[in-house]
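# Descriptive analysis of the structure
Take a look at the letters that make up each chain.
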Amino acid sequence: MKTKELKELETKELAERLDAEVAKYNQMKLNHAITPMENPSQIKATRRDIARMKTELRQRELNK
């Protein structure tokens, strides 16, 4: 997810998506530990998406 797309979302929706991405990330890690994924770089991309979302939420919190 691009930074521009994140800025267009409302704070509540962004927080909900963050929760969903964290759950997805945890599930991907578990699945990868049991059966190696075909494309493990997806884990890295998901982790970076989570970081982008957290950064945007923190910026909004500081700008209030």
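The structure reproduced in this document is the subject of the present report. (Residues numbered from 1 in each chain as written. Predicted model: local features only at pLDDT ≥ 70, side-chain atom pairs only at ≥ 80, totals over all residues. Heavy atoms only, no water.)

## Digging into a positive patch on the surface
Test applied: Residues enter patches when they are more than 30% accessible in relative terms and free of salt bridges; like-charged ones are connected within 9 Å and nonpolar ones (Val, Leu, Ile, Met, Phe, Trp, Tyr) within 5 Å. All accessibility values rest on the Shrake-Rupley procedure with a 1.4 Å probe; residue burial counts only the protein chains present in the view. Salt-bridge detection follows one rule: a side-chain nitrogen of Lys or Arg within 4 Å of a carboxyl oxygen of Asp or Glu. By the counting scheme adopted, Arg and Lys are positive, Glu and Asp are negative, and His together with the chain ends is not counted. Where a charge lies is defined by one atom per residue type: Lys uses NZ, Arg uses CZ, Asp uses CG and Glu uses CD. A run of DSSP states H or I qualifies as a helix once it reaches four residues; a run of E qualifies as a strand once it reaches two. Both are numbered from the N-terminal end.
Together, K29, K44, R47 and R48 make up a region of like positive charge exposed at the surface. Position of K29 among the secondary structure elements: in helix α2 (residues 11–34).

## Observations regarding the side chain of T46
Our working definition: Buried means the residue's accessible area, taken with a 1.4 Å probe over protein chains only, is under 20% of the maximum for its type, while exposed means over 50%, and partly exposed covers the values in between. We call two residues in contact when some of their heavy atoms are within 4.5 Å.
Its location among the elements puts T46 in helix α3 (residues 41–63). Using a relative accessible area of 5% as the deciding quantity, one classes T46 as buried. Those residues in contact with T46 that sit more than four places away from it in its chain are E21, K24, Y25 and M28.

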